[in-house]
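In case you want the letters, here they are:
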Amino acid sequence: MRPLRYSINITVDGCCDHRAMSADEELHRRAAETLARADALIFGRVTYEMMEAAWRAPTDPTDPFARAVGPAKKYVVSSSLDSVDWNAELLRGDLEQAIRQLKSEAGKGLYVGGVQLPLALAAMGLIDEYEFVVHPRVAGHGPTLFAGLPDCLDLKLVEKVDYDSGAVALRYVPAA
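No experiment lies behind these values; they were computed from the predicted model shown.

Novice: It is not clear to me how unusual backbone geometry should be interpreted in this structure. Could you clarify?
Specialist: Working note: non-glycine residues mostly have negative phi, and peptide bonds are mostly trans. Of note, the bond from Gly-142 into Pro-143 is cis; its omega dihedral lies within 30 degrees of zero at 10°. Within the fold, Pro-143 resides in the loop between strand E6 (129-135) and strand E7 (155-162). Phi is positive for Asn-87, close to 60°, though the residue is something other than glycine. Here Asn-87 shows up in the loop between strand E3 (73-77) and strand E4 (88-91). Taking the relative accessible area as the measure of exposure, Asn-87 reaches 41% and is therefore partly exposed.

Novice: When you look at the nonpolar core in this model, what are you seeing that I'm missing?
Specialist: Most often, soluble globular proteins have nonpolar side chains that are buried together. Membership of the largest hydrophobic core comes to 29 residues, with the highest contact counts inside it found for Leu-4, Tyr-6, Ile-42, Ile-99, Leu-121 and Phe-132. Secondary-structure elements contributing two or more residues to this core are strand E1 (4-11), strand E2 (40-44), helix H4 (95-104), strand E5 (110-112), helix H5 (116-123), E6 and strand E8 (168-174). Among all residues touching Leu-121, those that are not within four sequence positions of it are Leu-4, Leu-95, Ile-99, Val-112, Leu-126 and Ile-127. Among the nonpolar cores identified, the runner-up in size contains 18 residues, and Phe-43, Ala-72, Leu-81 and Trp-86 belong to it.

Conventions adopted
- Each chain has its residues counted from 1, following the order in which its sequence is written.
- Reporting of local features is limited, given that this is a predicted model, to residues whose pLDDT is at least 70; pairs of side-chain atoms are given and counted only at 80 or more, and all residues count toward the totals for whole chains, interfaces and linings.
- In computing side-chain properties, one takes all heavy atoms of the structure into account and sets aside hydrogens as well as water.
- Put simply, DSSP H or I for four residues or longer makes a helix, DSSP E for two residues or longer makes a strand, and each gets a number counted from the N terminus.
- A simple rule labels every residue: compare its accessible area, found with a 1.4 Å probe on the protein chains alone, to the largest value its type can have, and call it buried under 20%, exposed over 50%, or partly exposed in between.
- Take the buried residues of types Ala, Val, Leu, Ile, Met, Phe, Trp, Tyr and Cys, join any two whose side-chain atoms come within 4.5 Å, and each joined set is a nonpolar core.
- Residues count as neighbours in contact if any of their non-hydrogen atoms are within 4.5 Å of one another.

Listed below in structure tokens is the structure:
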């Protein structure tokens, strides 16, 4: 069974708007390592379109994140898109069933990114690992993570990595 991992960059005040922070080479390397632990990426429409716009033809193709995300297999959860490309296929129908099917397949793991899709997957209890890369910045605006989650999620810290930039990567698993 493949674990489903979620990783996102946030500011100290919980803002998860990618425009509120910047990633240096060290953090891009961390993100590339995170993607390398997955056989496939799962995105909602908004995240897929954002990632495709930024990384399909990267300004620096030697960037470790660009090299990891481009060729990766991608699944896109969307009811509004008619088609996708960039090594992607649409996931339609029952979301929980589709994700459980992907998780049941052999492999290293799955990675989910974004905000709304991980909220739905967390509410279903489908995420096996959470990684928050906390940037040393107060954004003073949203969006924030997991707004509307129906129940509290208790997590257990399994890894903490400090970066020269002041960012901290915190990796958690659901508490038993």
